[in-house]
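For reference, the chains in residue letters:
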Amino acid sequence: MRALIIEDDLEVADFVSQALSESGFITDSVHDGREGLYMAANENYDIIILDRMLPGKDGLSVLRTLRATGITTPVLLLSALGEVRHRIDGLHSGGDDYMVKPFSVAELIARVHVLLKRTLPSGGETELTVGDLKIDLLSRRATRAGRIIDLKPKEYKLLEFMMRHAGQVVTRTILLEQVWDYNFAPQTNVIDVHISRLRNKIDKGFTIELLHTIRGAGYCIRED
Amino acid sequence: MKIKLPHLSLSLKFALSIGGVFFLINFIFEGVISETSEHFMEKEIDSRLQAKINDMNEVYELGGIKLLQALIDRRAKQELSDSRIYLLTDQTYNKLSGNIAFWPEKVPKIPGFTEVEDDHLNPVEFRFLSMTLGGQYHLLLGLDTSKEEELEDQVFLFFLGALLLSISGGTIAGIILHRGLKKRLSLINVTCSEIMIGRFSKRIPVSRTSDEIDVMAHTLNSMLDRVESLMDGIRHVTDNIAHDLRTPLTRLHGRLERLVSLTEEGKNRRLVEAAIAEVDQLLVTFSALLGITRLETGEQETNFAPMPLGTLIADAIDIYEPIAEDRGQSIILNDHTNDNAGYGNILGDRDLITQCFSNLIDNALKYGPANSKITIDLFSGETDIKIVVHDEGSGIPEDEQSNVLERFYRVESSRNLPGNGLGLSLVAAVVRLHNGQLKLENKNGFQVIISLPKQ
């Protein structure tokens, strides 16, 4: 997997690059918009991390030019501008996700994985499986080792999202956005409570835990 | 008991008072004129009668009764109309000469002036003067005063017309005058409303007349210039804070995360993780603060769209349900807005409204005791939707209620609970942005009452 980082702050570019390398990416870093555009157009990347405010050519125009030339590589925008309208502008210009500085690197990595998964063609599957946990996408029913798990609608939505990204770390923010459509963080950490409920329903009474808490990052559903 | 006056618009009051003043002046004027003219005409008639009767008395004294009789006969013949009456009688009021046959019933048989009003059959009015000549004859002179009465009536009608004309003229003039005034005042109002929702660049139009309103508009505009420059200052500062702090904080966060991955499990690692959590909390507070500032300075551009408030609140409850359950609390939503016809809809920014109610539910759960109820009621008024979020907590002392809307203010008794003192400030800012009202009340616990304009 290859990632392009277009970020003028060298230190930020550096730790993003390091974190991506650690999670298995080969990375290239450039520090202005023109260079970024050149690299993006001439190389094949799986993901582009793009700072919104760049010297030379501003991030949004880089993005628009990319999209106009038919390059569909997923783009994650980074910005010091966190207002709703900036987010909307960014997404309208062809961005796939938007992160406000300061961001956590763990969050960035999690989001990159979610983005990559999203861009994979869906195989028309009717069932998701992690170990002996199964959900039937048509009847919206979950079972573990053949036993039906009784889930509320939001719990089902949460589980489905986690299972679609099985093996990936998903952060609280991602869950808030994807499952509850919340674009802000509630004062109390509500996600942890929802996760612990879900964990009670799917893991209680089984020797193998499927739903893991990844400290400092988020959660992951996997069989190991 | 106080009598409630009906509400009158300023222009109507203005027009009515002008009409009223016109009416009063005319009324007094007419009264004076008609009184004076009536008096004047009466005197005029009386003096004419008196002069004539004196002449005749002189004729009688000089030439005796025969000469007077001859004179009266001649006068009576000369008189073509019957507008004058002459009658000379003997001591027992039998006619000697004149143009009427007998002494009129209505005229008393004593010397002096008499007014005879018209009877219904004969619409004439006469003023009579009688005199006794030498103790043995009676002389009666009469003048038709109908013409004078008619004139008086005409004067009266004329003034009545003038009165009506002036009242309606005055009222119309008042309305027109005030329409103009009202138009200019409403321009000021519209501008102020726009400024209140954050369009600080709006100014009140100034006309070329430099009258009092223009002077006021000018002063208001200067004030607005000042407000705008202050707001610009705040915006500038917040923008700078945003840009200048975000990048170093990102680096700090990145370095700490790096440090975590380089540190062995153990005490050191936990310290770094705690540091990261601190930075995260700092960021949340910082973003919330910037968000509120942007809302209050009207900088935040919003996506206003129609939305069903009940559904939005139900979603917010949904996310808090497990927390409530853990504490034995229950959240009850009573939506009385009768949704079927879009009654519960408001025009608002989805994210902000959700955040607003999420903060209120968060607070209610936090400050309500364990095993208590949190009730959210929605009522649909004529123009507003009222939302009451009630908890069974100990409430906020009344003297502190206005303070809790301030940034970072925390009630003394709640300082040990988690929170940054920005929750209610954000609620207040969001409500203001939506042109709504916010009220706090201690009532069997604590309640927040919000009204938001309907879509």
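Predicted model, so just to flag it, every value in this text is computed and none were measured.

**Q** Quick rundown of the overall build of chain B? Include the residues and the values.
**A** In terms of regular secondary structure, chain B is built from seven helices and twelve strands. Within chain B, the fraction of its 455 residues that count as buried is 40%. Considering only residue pairs separated by 6 or more positions, chain B has 63% of its internal contacts joining residues 24 or more positions apart. Just so you have it, chain B exposes about 26200 Å², and 58% of that area is on carbon and sulfur atoms.

**Q** Explain the overall build of chain A to me, and be specific about the residues and the numbers.
**A** A tally of helices and strands in chain A yields eight helices and twelve strands. Expressed as a percentage of its 224 residues, the buried residues of chain A come to 53%. About 9900 Å² of surface is accessible on chain A, with carbon and sulfur atoms providing 49% of the total.

**Q** I'd like a rundown of the packing of aromatic side chains, residues and numbers included.
**A** All names here are of chain B. For the structure shown, the criterion picks out three aromatic pairs over all chains. Residues Tyr60 and Tyr137 carry aromatic rings whose centres are separated by 5.9 Å and whose planes lie at 70° to one another, so their mutual orientation is edge-to-face. With a gap of 77 residues between them, Tyr60 in helix H1 (residues 10-78) and Tyr137 in strand S5 (residues 137-144) connect regions that are remote in the sequence. A single burial state applies to Tyr60 and to Tyr137, both of which are buried.

**Q** Pulling in residues and values, what's your account of a nonpolar patch on the surface?
**A** On the surface, a nonpolar cluster with roughly 490 Å² of combined accessible area is contributed by Phe23, Leu24, Phe27, Ile28 and Val32 of chain B. Inspection of the secondary structure puts Val32 of chain B in helix H1.

**Q** Can you break down the nonpolar core residue by residue, with the values?
**A** Counting 78 residues, the largest nonpolar core has Leu159, Leu175 and Ile221 of chain A together with Leu309, Ile387 and Ile450 of chain B as its most contacted members. With nine residues, helix H5 (residues 309-326) of chain B is the largest single contributor of residues to this core. Filtering out sequence-adjacent residues up to four positions away, Ile221 of chain A remains in contact with Val130, Leu133, Leu159, Met162, Met163, Ala166, Gly167, Ile202, Leu210 and Leu211 of chain A. Residues Ala3, Ile5, Met99 and Val112 of chain A belong to the second largest nonpolar core, which totals 21 residues.

**Q** Just give me the short version of the pattern of salt bridges, but keep the residues and values in it.
**A** Within the structure shown, the criterion is met by 33 salt bridges over all chains. Here Glu325 of chain B and Lys152 of chain A are joined by a salt bridge, their closest N and O atoms 3.7 Å apart. Note that Glu325 of chain B is positioned in helix H5 and Lys152 of chain A in the loop between strand S9 (147-149) and helix H6 (153-164), a pairing that runs across two chains. Under the relative-accessibility criterion, Lys152 of chain A is labelled partly exposed at 42%.

**Q** Just give me the short version of the sheet that holds strand S10 (residues 170-171) of chain A, but keep the residues and values in it.
**A** All names here are of chain A. Pairing is antiparallel across the open sheet formed by three strands, whose spatial order is S10-S12-S11. At either margin of the open sheet sits one strand with a lone partner, and together these are S10 and strand S11 (211-214). With two bridges joining them, S10 and strand S12 (residues 218-221) adopt antiparallel strand pairing. The residue of S12 that forms the bridge with Thr171 is Gly218. Where H6 meets the sheet, it contacts S10, S11 and S12, and its direction lies at approximately 75° from that of S12. Contacting S11 and S12, helix H8 (residues 190-203) crosses the sheet at an angle of about 150° to S11.

**Q** Please set out the UniProt feature "transmembrane region" (unreviewed entry) in chain B residue by residue, giving values where relevant.
**A** UniProt tags residues 12-33 and 155-177 of chain B as "transmembrane region" (unreviewed entry). From the first C-alpha to the last, residues 155-177 of chain B spans 32 Å; its make-up is 100% helix and 0% strand.

**Q** Describe the interface of chain B and chain A, naming the residues involved and giving the relevant values.
**A** Each partner contributes residues to the interface: chain B has 39 residues there, and chain A has 37 residues. For the pair chain B and chain A, the two sides together bury roughly 3600 Å², of which 49% comes from carbon and sulfur. For chain B, the biggest contributors to the area lost against chain A are Arg246, Thr250 and Ile319 of chain B; these three give 18% of the whole. Where chain B touches chain A, the interface holds eight salt bridges. A salt bridge links Arg258 of chain B to Glu22 of chain A, with the nearest nitrogen and oxygen atoms 2.9 Å apart.

**Q** Could you give an account of the pairing of strand S6 (residues 127-130) of chain A, with specific residues and numbers?
**A** Residues and elements named next belong to chain A. Of the two faces of S6, the one holding Leu128 and Val130 is buried and the one holding Glu127 and Thr129 is not buried anywhere. Taken together, the four bridges between S6 and strand S7 (residues 133-136) define a ladder with antiparallel strand orientation. Looking at S7, one finds that Glu127 is bridged to Asp136.

**Q** Residue-level account of the sheet that holds strand S7 (residues 330-335) of chain B, with values.
**A** Residue and element names in this part refer to chain B. Strand order in the open sheet formed by five strands is S7-S9-S10-S12-S11, with mixed pairing between adjacent strands. Each edge of the open sheet is held by one strand with a lone partner, namely S7 and strand S11 (437-442). The average undirected angle you get between the axes of adjacent strands in this sheet is 15°. Sheet topology places S7 next to strand S9 (residues 373-380); six bridges connect them, and they run parallel. What sits directly across from Asn334, in S9, is Asp377. Packed onto the sheet, H5 meets S7, S9, strand S10 (384-391) and strand S12 (446-453) and runs at close to 170° relative to S7. Contacting S11 and S12, helix H7 (residues 423-433) runs over the sheet at an angle of about 140° to S11.

**Q** Explain unusual backbone geometry to me, and be specific about the residues and the numbers.
**A** One non-glycine residue with positive phi stands out, namely Ala145 of chain A, at about 50°. Summarising the element assignment, Ala145 of chain A is placed in the loop between strand S8 (141-144) and S9. For Asn444 of chain B, which is not a glycine, the phi torsion comes out positive at approximately 50°. Among the secondary structure elements, Asn444 of chain B is positioned in the loop between S11 and S12. A residue is classified by how much of its surface remains accessible, and Asn444 of chain B, at 69% relative accessible area, is exposed.

**Q** Break down the packing of H6 of chain A against helix H7 (residues 172-179) of chain A for me, with residues and values.
**A** Between two packed helices, both the angle of their axes relative to each other and the distance between the axes serve to describe the pair. Residue and element names in this part refer to chain A. Viewed as axis vectors pointing N to C, H6 and H7 meet at an angle of 120°, and their least axial separation amounts to 10 Å. Here H6 lies oblique to H7, going by the angle between them. Between H6 and H7 lies a crossing of right-handed hand. Contacts from Lys154, Lys157, Leu158, Phe161 and Met162 in H6 reach Ile174, Leu175, Gln178 and Val179 in H7. For the contact of H6 with H7, the residue count by class is six nonpolar, one polar and two charged.

**Q** Any details on the side chain of Gln447 of chain B? Residues and values, ideally.
**A** Among the secondary structure elements, Gln447 of chain B is positioned in strand S12. In this view, Gln447 of chain B contacts Val388, Val389, His390, Lys439, Leu440 and Glu441 of chain B; residues no more than four positions away in its chain are not counted.

**Q** Could you give me a rundown of the side chain of Asn359 of chain B, with the residues and numbers involved?
**A** Examined against the element boundaries, Asn359 of chain B turns out to sit in helix H6 (residues 350-367). Overall, Asn359 of chain B belongs to the buried group, its relative accessible area being 6%. Looking at Asn359 of chain B, its side chain comes within polar contact range of the main-chain oxygen of Gly423 of chain B, at 3.2 Å. Setting aside residues no more than four positions away along its own chain, Asn359 of chain B makes contact with Gln187 of chain A together with Gly423, Leu426 and Val427 of chain B.

Parameters at a glance
- What you see as residue numbers is a count from 1 along each chain, following the sequence as written.
- All chains are assigned letters beginning with A, and all ligands numbers beginning with 1, in the order in which they are written.
- Totals for whole chains, interfaces and linings use every residue, but because this is a predicted model, local features are given only for residues with pLDDT of at least 70 and side-chain atom pairs only at 80 or more, for both listing and counting.
- Hydrogens and water molecules were not included; the side-chain quantities draw on all heavy atoms of the structure.
- Comment: elements are numbered from the N terminus, with helices defined as DSSP H or I runs of at least four residues and strands as E runs of at least two.
- For every residue, the accessible area obtained with a 1.4 Å probe (protein chains only) is divided by the maximum for its type, and the residue is called buried under 20%, exposed over 50%, and partly exposed between those limits.
- Here a residue-residue contact requires only that any non-hydrogen atoms of the pair lie within 4.5 Å.
- In short, Shrake-Rupley with a 1.4 Å probe defines the accessible areas, and a residue's cover is counted only from the protein chains shown.
- Here the aromatic set is Phe, Tyr and Trp, taking the six-membered ring for Trp, and pairing holds for ring centres within 6.5 Å; pairs whose planes are under 30 degrees apart are stacked, those over 60 apart are edge-to-face, and all others are tilted.
- Like charges are joined within 9 Å and nonpolar side chains (Val, Leu, Ile, Met, Phe, Trp, Tyr) within 5 Å, but only among residues with over 30% relative accessible area and no salt bridge; these make up the patches.
- The salt bridge criterion pairs a side-chain nitrogen of Lys or Arg with a carboxyl oxygen of Asp or Glu, the two atoms within 4 Å.
- Side-chain atoms within 4.5 Å are what join buried Ala, Val, Leu, Ile, Met, Phe, Trp, Tyr and Cys residues into a set we call a nonpolar core.
- If DSSP finds at least two bridges between two strands, the strands pair.
- For helices, the fitted line uses only the C-alpha atoms of the stretch in contact; every axis is such a line through C-alpha atoms, and the angle between N-to-C directions lies from 0 to 180 degrees.
- UniProt positions are given in the numbering used here, feature names are shortened, and annotations may be inferred rather than shown by experiment.
- By definition, the buried area sums, over both parts, the 1.4 Å-probe accessible area that each loses when the two are put together.
- Every angle not falling under 35 degrees, over 145, or within 65 to 115 is termed oblique; those three ranges are roughly parallel, roughly antiparallel and roughly perpendicular.
- For a crossing to be left-handed, the near helix must be turned anticlockwise from the far one by less than a right angle; the clockwise case is right-handed.
- We call Asp, Glu, Lys and Arg charged. Ala, Val, Leu, Ile, Met, Phe, Trp, Tyr, Cys and Pro are nonpolar, and the rest, Gly among them, are polar.
- By the criterion applied in these results, polar contacts are pairs of N or O atoms within 3.5 Å in which, for protein atoms, one can donate a hydrogen and the other can accept it, and in which residues neighboring in sequence qualify only through two side-chain atoms.

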